[in-house]
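Now for the letters of each chain:
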Amino acid sequence: MGKAIFKKTGIGIISLLLAALVFADEGGSFWDDFSPPQIHGFYEMRGGYRTQNDRYQKDKSVMETRLQIEASTFTDWADFKFKGDLLGDFVLEEGDFDFREGWVFARPTEYLDVKIGRQILTWGTGDLLFINDLFPKDWQAFFIGRDVDYLKAPSDAAKLSFFTELINIDIVYTPQFDPDRYVRGERLSYWYAPENRRAGRDRRTPAERPDDWFRDDEIAVRLYRTISNYEVALYGYRGFWKSPAGQSPTTGRPIFPDLNAYGASVRGPLGSGIANAEIGYYESADDKSGKDPLINNSEMRYLVGYTQEIVADLNAGVQYYIEQMLDYSAYKRSHPTGSKRRDRDRHVVTLRLTQLLWNQNLELSMFTYYSPSDNDAYLRPSIHYKATDHLALETGANVFVGKSPHTFFGQFEDNTNIYAAVRYSF
Amino acid sequence: MKRKMAGFFVTSFIFSVIVLAHNVQAQTPSVDEIITQANHVAYYQGQDGKSKVKMTITDRQGRTRNREFIILRKNDPDNDDQKYFVYFQAPADVRRMVFMVHKYAALDKDDDRWLYLPNLDLVRRIAAGDKRTSFVGSDFLYEDVSGRSLLEDTHELLRTTEEYYVIKSVPKKPETVEFTYFLVFIDKTTFMPMKMEYYEKDESLYRVIESKKLEMIKAKEDGKEVEYPTVTQSVVKDLKSGSATEMTFSDIQYNLGLNDTIFTERYLKRPPREAMR
């Protein structure tokens, strides 16, 4: 794993330097073209514990120190950025380097933006729910109580953005598939379907990740424009399920089957708040008929949301989200007897409440996912206090409740944890 | 007879007062002219503008917090709508965040607001909230930064001093604001609002904004050299909480020719160089 990270880091840095060399001015010293680099970052200590015993995991849910360094510079023709975290992880008992960003950005014409390298990518309208945003997420970081920024994992990609009067187009090409940092037993216990039970560190089966450069690639497209104050977008994606969505018939290991996705979204003012709606069709391309019991069904996904300021500095947001399996009868027929079966539809309601106090230095926040169909819930209460301009204190919890051990949030019940963090930013 | 004489004196006195008042009025612009001009000078000079802003918030105990940002503004040539682009540089935890506003002059149309969070690459659309809430945790309110529509209040010229026109503004919808009225002290030569005093129900003063420094900033307007009077330091004091915020403006430029597209998602995600340095 360390080696893989080093390799990826190396590739990122080399491509950055190459790009710099290709574009750099011929005359004068190469470095003369660059502005003096700006260095920023933070140092953070974060610790958390499970509030109950988990027979497959340690009591510590998160225990780490992290130094993030961000360096940026620019020339006449481009901007450059590097961002990376040095991490001492006392849960996995290892040191790690998390290369977060390393990119070149250029605006070569009035109609085109280009960003190449390791970057964080986001689009879509959901609040902590994603339909057409098929860029990698770090669910482990999210569930163990790291800063919410870490929910977004970086992509190694080229992003081209075209801007016209009629429509704007984003094209993101990822030459080698970037999966989610999905739950896989090393930090969190989860429902292990092959054995019909919860598992954790005893079942850290590595998934078979498609990793051929330029063959196992991803392409994501967004077309968008604003129509009388409403932001309207169409999306397309060709790649893979971002978290394992099947099992290899030969090795039994989790796999990432092919996925094509098509969708649309709209967002704009409604009453005194902001409303959004999004829809997506997930075509599970390796199992279009839905008959293969080892590969996820195709799905429709729907989302509506509304957010509003209730009183000054108190915001509320609600969302309703549905995942609908499209070949449910085929799924039922082919599903192995004895193993837990999913419902056809998964319904999720979310509620966000955020209150700012003490000159906006104290933030009380509660984000709740509740699924009436799965009978499970995930609560994310947190308190964040900016003690000074540099020092922030945070505490919170990740609470999982469920009736059954195999539902989406219910499977994580024994991972319920509380955490606290101190961060010094510079 | 005595009564008649008294009547005559009273009449002539009233007459002369009216004549005097009329003479004064000839030099004094009307309330509407004063507030319209003051609003223009305070918020609308030039087609567009840019400034670096440093904010220091000092609480009752003397603890300070700082904010630094670059603000770009562009006027709609056809009406009083405006677009604002605010690029944060400090403190570290909000660095590179962008706050964008499309402000609409019409009272029945809410402003559009966006916030860009760079660590998540997330463009969040923010519900048009109460404009009288704190701007970035300071004692300035959103409305102080982007202006309060003149149509929200009824205005009265209370008095004229050597330096100032003193305007009393009373909200038409008192339930939507925390004050009962405010006084604006408008400089007679530049028409710049130099002081604003906010009063509560019991007539007590609880909030004061003062323009501490005024500079003439050179700019080009239609190819000609002009000078715009510009506040380069202003202070707001919350007399109840004991907190104060000072804002200083530097690197002020007018009529840069900012493109409309700057105020779109493209530049939210990657700010223009004008906004970053």
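Worth saying up front: this structure is predicted, and the values here are computed from it rather than measured.

On a plain count of helices and strands, chain A comes out with three helices and 22 strands. Taking 22 Å as the expected radius of gyration for a compact globule of 426 residues, we find that chain A reaches 22 Å, a close match to that expectation. Overall, chain A is about 70 × 50 × 50 Å in size when its C-alpha atoms are taken along their principal axes. Classification of the 426 residues of chain A by burial places 52% in the buried group. Approximately 19,200 Å² of chain A is accessible, and the part contributed by carbon and sulfur atoms is 61%. Each charge sign in chain A was given a centre, from 50 positive and 60 negative side chains, and these centres are 6 Å apart.

As a further point, take the overall build of chain B. From N to C terminus, chain B includes five helices and 13 strands. Taken along the three principal axes of its C-alpha coordinates, chain B extends 90 × 50 × 35 Å. A burial count over chain B gives 51% of its 277 residues as buried. In chain B, the share of contacts with a sequence separation of at least 24, taken over all contacts with a separation of at least 6, comes to 45%. Of the accessible surface of chain B, which amounts to about 14,100 Å², a share of 53% is contributed by carbon and sulfur atoms. Where the 43 positive side-chain charges of chain B centre and where its 43 negative ones centre are 3 Å apart.

To continue, consider the environment of A:Ala233. All names here are of chain A. Of note, Ala-233 is situated in strand S11 (residues 230-240). Separated by 33 residues in the primary sequence, Ala-233 and Val-266 place their C-alpha atoms 6.4 Å from one another. If we skip the residues at most four places from it in the chain, Ala-233 touches Arg-222, Leu-223, Tyr-224, Gly-263, Ala-264 and Ser-265.

Negative phi values dominate among residues other than glycine, just as trans dominates among peptide bonds. Note the cis peptide between B:Ala90 and B:Pro91, where omega equals 0°. In this fold, B:Pro91 is placed in the loop between strand S3 (82-90) and strand S4 (98-103). You will see that A:Asp313, though not glycine, has its phi angle at about 65°, which is positive. Inspection of the secondary structure assignment puts A:Asp313 in the loop between strand S16 (299-311) and strand S17 (314-325). Judged by relative accessible area, which is 17%, A:Asp313 ranks as buried.

Moving on, we come to a nonpolar patch on the surface. All names here are of chain A. Together, Ile-39, Tyr-43, Met-45, Ile-69, Tyr-424 and Phe-426 make up a nonpolar patch on the protein surface, roughly 540 Å² of accessible area in all. The element best represented in the nonpolar patch is strand S1 (residues 38-50), accounting for three residues. Of note, Phe-426 is situated in the segment after strand S22 (417-425).

Across the boundary between the two partners, chain A contributes 54 residues, which contact 40 residues of chain B. Roughly 3,700 Å² is buried in total at the junction of chain A and chain B, and carbon and sulfur atoms are behind 38% of that figure. If you sort the residues of chain A by the area they bury against chain B, A:Arg107, A:Thr122 and A:Asp389 come out on top, with a joint share of 16%. Connecting chain A to chain B are nine salt bridges. Across the salt bridge formed by B:Arg67 and A:Asp389, the nearest N and O atoms sit 3.4 Å from each other. Inspection of the chain A/chain B interface yields 33 residue pairs in polar contact (both at pLDDT 80 or more).

A few words now on the side chain of A:Ser284. If you trace the backbone, A:Ser284 turns up in strand S15 (residues 273-284). Filtering out sequence-adjacent residues up to four positions away, A:Ser284 remains in contact with A:Trp241, A:Asp258, A:Leu259, A:Ile295, A:Asn296, A:Asn297 and A:Ser298.

This next bit is on the pattern of salt bridges. Applying the stated criterion across every chain yields a total of 63 salt bridges over all chains. Of the charged contacts in the structure, one is a salt bridge between A:Glu195 and A:Arg203, with a shortest N-O distance of 2.6 Å. Residue A:Glu195 is classed as partly exposed on the basis of its relative accessible area, which comes to 34%. Each of A:Glu70, A:Lys81, A:Lys83, A:Glu101, B:Arg95 and B:Arg96 takes part in one network of salt bridges that share partners.

A few words now on the pairing of strand S5 (residues 112-119) of chain A. All names here are of chain A. For S5, the tally of buried residues reaches seven of eight residues, placing the bulk of the element in the interior. As defined by bridge partners, strand S4 (residues 94-109) adjoins S5 across six bridges and the pair is classed as antiparallel. Bridge pairing in S5 places Val-104 opposite Ile-116. Between S4 and S5, which follow one another and run antiparallel, lie two residues.

The subject of this paragraph is the environment of A:Gly84. Residues and elements named next belong to chain A. Take Gly-84: it is sitting in strand S3 (residues 79-89). Residues Gly-84 and Arg-187 lie 103 residues apart in sequence; the distance between their C-alpha atoms is 22 Å. Discounting chain neighbours no more than four positions away, the residues touching Gly-84 are Leu-67, Gln-68, Ile-69, Phe-97, Asp-98, Phe-99 and Arg-100.

Chain-level pLDDT for chain A is 92 on average; 93% of the residues reach the 70-or-more range. The model gives residues 1-6 of chain A a pLDDT under 50, and that stretch makes two contacts with residues more than four places away or in other chains.

Residue and element names in this part refer to chain B. The predicted model of chain B has a mean per-residue pLDDT of 90, with 91% of residues at 70 or higher. Overall, residues 19-25 carries pLDDT values under 50, and its contacts beyond four positions in sequence, including any with other chains, amount to zero contacts. Of the two predicted TM-score estimates for the complex, the pTM is 0.89 and the ipTM is 0.90.

Residue and element names in this part refer to chain A. Of note, Lys-137 is situated in the loop between S5 and helix H2 (139-144). With relative accessibility at 4%, the residue Lys-137 sits in the buried group. In this structure the side chain of Lys-137 is engaged in a polar contact, spanning 2.6 Å, whose partner is the backbone oxygen of Phe-135. Among residues more than four places away in sequence, those in contact with Lys-137 are Phe-130, Leu-151, Lys-152, Ala-153, Asp-180 and Arg-181.

So, about helix H2 (residues 31-43) of chain B. Quick reminder: α-helices carry 3.6 residues per turn. Residues three or four places apart thus point the same way. Residues and elements named next belong to chain B. Along its 13 residues, H2 runs 18 Å from first to last C-alpha, staying within 8% of the 18 Å computed at 1.5 Å per residue. Within H2 the residues assigned to the buried category are Ile-34, Ile-35, Ala-38, Asn-39, Val-41 and Tyr-43. Viewed end-on, H2 has its buried residues packed into an arc of 165°, placing them on one side of the element.

Another point: the packing of aromatic side chains. Taken as a whole and assessed by the stated rule, the structure comprises 44 aromatic pairs over all chains. Taken together, a centroid distance of 5.7 Å and an interplanar angle of 65° make the contact between A:Trp241 and A:Tyr282 edge-to-face. Here A:Trp241 is found in the loop between S11 and strand S12 (246-247), whereas its partner A:Tyr282 is found in strand S15, with 41 residues between them in sequence. Like A:Tyr282, A:Trp241 is buried. Three or more aromatic residues link up through ring pairs in this structure, and these residues are A:Phe130, A:Trp139, A:Phe142, A:Phe143, A:Phe367, A:Tyr369, A:Tyr378, A:Phe400, A:Phe408, A:Phe409 and A:Phe412. Just above the ring of A:Phe142 sits the side chain of A:Arg380; from NZ or CZ to the centre is 3.8 Å. Here the guanidinium or amino end of B:Arg113 rests over the ring plane of B:Tyr142, the centre of that ring lying 4.2 Å away.

Quick notes on the rules
Residues numbered from 1 in each chain as written. Chains lettered and ligands numbered in written order. Predicted model: local features only at pLDDT ≥ 70, side-chain atom pairs only at ≥ 80, totals over all residues. Heavy atoms only, no water. Helix = DSSP H or I, 4+ residues; strand = E, 2+ residues; numbered from the N terminus. Rg over C-alpha atoms; globule rule 2.2 N^0.38 Å. Buried < 20%, exposed > 50% of the residue type's maximum accessible area, 1.4 Å probe, protein only. Areas by Shrake-Rupley, 256 points an atom, 1.4 Å probe, with all protein chains shown as cover. Lys, Arg positive; Asp, Glu negative; His and termini not counted. Charge placed at Lys NZ, Arg CZ, Asp CG, Glu CD. Contact = heavy atoms within 4.5 Å. Patch = residues over 30% accessible without salt bridge, like charges linked within 9 Å, V, L, I, M, F, W, Y side chains within 5 Å. Salt bridge = Lys/Arg side-chain N within 4 Å of Asp/Glu carboxyl O. Buried area = accessible area lost by both parts, 1.4 Å probe. Polar contact = N/O pair within 3.5 Å; in protein donor to acceptor, adjacent residues only side chain to side chain. Pairing = 2+ DSSP bridges. pLDDT = per-residue confidence, 0-100. Expected span 1.5 Å × (residues − 1). Arc of directions from axis to C-beta. Phe/Tyr/Trp six-rings, centres within 6.5 Å; stacked < 30°, edge-to-face > 60°. Lys NZ or Arg CZ within 6 Å of the ring centre and 35° of its normal.

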